[in-house]
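Observations on the three-dimensional arrangement
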Amino acid sequence: PPSFSHMEGSSGLGRADCRAKGGSTGFKVAILGAAGGIGQPLSLLMKMNPLVSVLHLYDVVNTPGVTADISHMDTGAVVRGFLGQQQLEEALTGMDLVIIPAGVPRKPGMTRDDLFNINAGIVKTLCEGIAKCCPNAIVNLISNPVNSTVPIAAEVFKKAGTFDPNRLLGVTMLDAVRANTFVAEVMGLDPREVDVPVIGGHAGVTILPLLSQVKPPCSFTQKEIDYLTNRIQNGGTEVVEAGAGSATLSMAYAAVQFADACLRGLRGDADIVRCAFVASHVTELPFFASKVRLGRCGVEEIYPLGPLNEYERVGLEKAKKELETSIGKGVAFVKK
Ligand code: NAI
């Protein structure tokens, strides 16, 4: 395919670059899988983010059109498109943050683990590129099964000698976004004021909402707890079964919320706390999703789980059992 990697959607007749220089507020962000169902709205929303000065859109198909289209938005970020493996390295060089929604999504009847065979290889290749071209970038990994793809990424980085556990984050933000929405609905609250910690991982029973720690404090009946836990764990399946594909729009929203938190952390903002699936010591497992504080170096602090009630302790044991298998599968894929 023709190279269009420095196509910025301009005529080339512009005078001196008079955009405000990003300095500490302008970050370089790459989206890998940018032409997909999540990738397109995610690219749109990142082009609107004032913290982004350069936006690289990479995919194996359709990036020229997506890039041309998004580059016409009159926001600050300069957009460049990259198409196909031979342009991956150029897409990644110099990036501060790499967001990865590349890979196949679920169809009705599939679990996230059914995606493993295809997506494991995609994530491995992309992470080899990151290790080579931007080993210090923060990585936001969206591709499923997140419970296995994050361990895959870690193994790739370890092999390359670039692994920094603080810079690799599996994106579980959509689970928290859904939890906030569903809890607000049940309690008659404004979802913007609700904060539900969701820990564990990003698949079925590994998605563990801590309803005992909701802010503002709420007391739920057992029936509400069962309903909410089940709905939060199966929110993704709810979308898949509704028939228009797996979640892309709410995921793009959640990914942008998360990426924005990472960038604000990089900028040095205080008290940026989100849930994410990261290398962790909060349980005996090597990876676990819980609240983390984001800062200039990525994850700067991982918070303890806090007091769990009996229902949550039972859920945690179930979650850990499945997580152990999924993590092992990811590690074995790279080691084999
Ligand atoms: P999609 O099929 O619409 O888009 C995926 C994009 O990845 C396509 O444009 C495809 O060309 C691209 N791609 C494939 N191989 C590639 C490679 N080697 N390098 C770069 N790009 C490549 O899928 P959709 O709906 O955007 O989902 C993407 C992934 O995100 C899926 O694995 C899905 O399961 C996952 N997902 C994760 C969620 C989470 O909460 N973490 C929520 C929803 C989806």
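In this text the structure is predicted, and so the values were computed from the model without any measurement. The numbers attached to residues start from 1 for each chain and follow its sequence in the written order. Since the coordinates come from a predicted model, pLDDT governs what is reported: local features require at least 70, and pairs of side-chain atoms require 80 or more to be given and counted, while whole-chain, interface and lining totals use all residues.

Considering the overall build of the protein
- Of regular secondary structure, the protein possesses 10 helices and 11 strands.
- C-alpha atoms define the radius of gyration in this analysis, and the globule rule sets the expected value at 2.2 Å times the number of residues to the power 0.38. Here the C-alpha atoms of the protein give a radius of gyration of 20 Å, agreeing with the 20 Å that 2.2 N^0.38 yields for 336 residues.
- A principal-axis box enclosing the C-alpha atoms of the protein has dimensions of 65 × 45 × 40 Å.
- Partly exposed residues are those falling between the two cut-offs: more than 12 but fewer than 20 other C-beta atoms within 10 Å of their own, whereas 20 or more means buried and 12 or fewer means exposed, with C-beta atoms placed from the backbone. When each of the 336 residues of the protein is scored for burial, the buried share is 48%. Numbering of helices and strands runs from the N terminus, with a helix taken as a DSSP run of H or I at least four residues long and a strand as a DSSP run of E at least two residues long.

Observations regarding the UniProt feature "binding site: substrate" (unreviewed entry) in the protein
- UniProt positions are given in the numbering used here, feature names are shortened, and annotations may be inferred rather than shown by experiment. When the UniProt feature table is mapped onto this chain, "binding site: substrate" (unreviewed entry) is found at Arg 106, Arg 112, Asn 144 and Arg 178.
- Assignment of secondary structure puts Asn 144 in the loop between strand E5 (138-141) and helix H5 (146-160).
- With 27 C-beta atoms packed within 10 Å, Asn 144 lands in the buried category.
- Not counting residues up to four positions away in its chain, the partners in contact with Asn 144 are Gly 103, Arg 112, Leu 115, Asn 119 and Thr 149. Each residue is represented by a C-beta atom placed from its backbone, and any two residues with such atoms within 7 Å are regarded as in contact.

Let's talk about the packing of H5 against helix H10 (residues 310-335)
- Convention adopted: a line fitted to C-alpha atoms gives each axis, helices being fitted over their contacting stretch, and angles between N-to-C directions are expressed from 0 to 180 degrees. Running from N to C, H5 and H10 cross one another at 35°; their axes reach a closest spacing of 7 Å. As H5 packs across H10, the resulting crossing turns out to be right-handed. Residues Asn 147, Ser 148, Thr 149, Pro 151, Ile 152, Glu 155, Val 156 and Lys 159 of H5 form the contact with H10, whose own contacting residues are Leu 323, Ser 326, Ile 327, Lys 329, Gly 330, Val 331, Phe 333, Val 334 and Lys 335.
- Residues were grouped as follows: Ala, Val, Leu, Ile, Met, Phe, Trp, Tyr, Cys and Pro as nonpolar; Asp, Glu, Lys and Arg as charged; and all remaining residues, including Gly, as polar. Grouping the amino acids of the contact of H5 with H10 by side-chain chemistry returns 8 nonpolar, 5 polar and 4 charged. Should the near helix be turned counterclockwise from the far one by less than a right angle, the crossing is left-handed, whereas a clockwise turn marks it as right-handed.

Quick notes on the environment of Val 60
- Tracing the chain through its elements places Val 60 in the loop between strand E2 (52-59) and helix H2 (63-71).
- A tally of 17 C-beta atoms within 10 Å means that Val 60 is categorised as partly exposed.
- Taking the C-alpha atoms as reference points, Val 60 and Tyr 253, 193 residues apart in sequence, are found 23 Å from one another.

Some details on the packing of helix H6 (residues 173-187) against helix H9 (residues 249-267)
- Put simply, H6 and H9 touch, their axes get as near as 8 Å, and they point 110° apart. Classified by the angle their axes make, H6 and H9 are roughly perpendicular. Residue-level inspection shows Met 173, Leu 174 and Val 177 of H6 in contact with H9, the latter providing Ser 250, Met 251, Tyr 253, Ala 254, Ala 255, Gln 257 and Phe 258. For classification purposes, an angle smaller than 35 degrees is called roughly parallel, one larger than 145 roughly antiparallel, one from 65 to 115 roughly perpendicular, and anything else oblique.

Examining the nonpolar core
- Core membership is restricted to buried Ala, Val, Leu, Ile, Met, Phe, Trp, Tyr and Cys residues, and these are joined into a nonpolar core through C-beta atoms within 7 Å. Core analysis: the biggest nonpolar cluster contains 101 residues, and Leu 97, Val 98, Ala 153 and Ala 255 have the highest contact counts within it.
- The element that contributes the greatest number of residues to this core is H9, accounting for 11 residues.
- The contacts of Val 98, once residues within four sequence positions are left out, are Ala 30, Leu 32, Leu 92, Ile 130, Cys 134, Ala 137 and Val 139.

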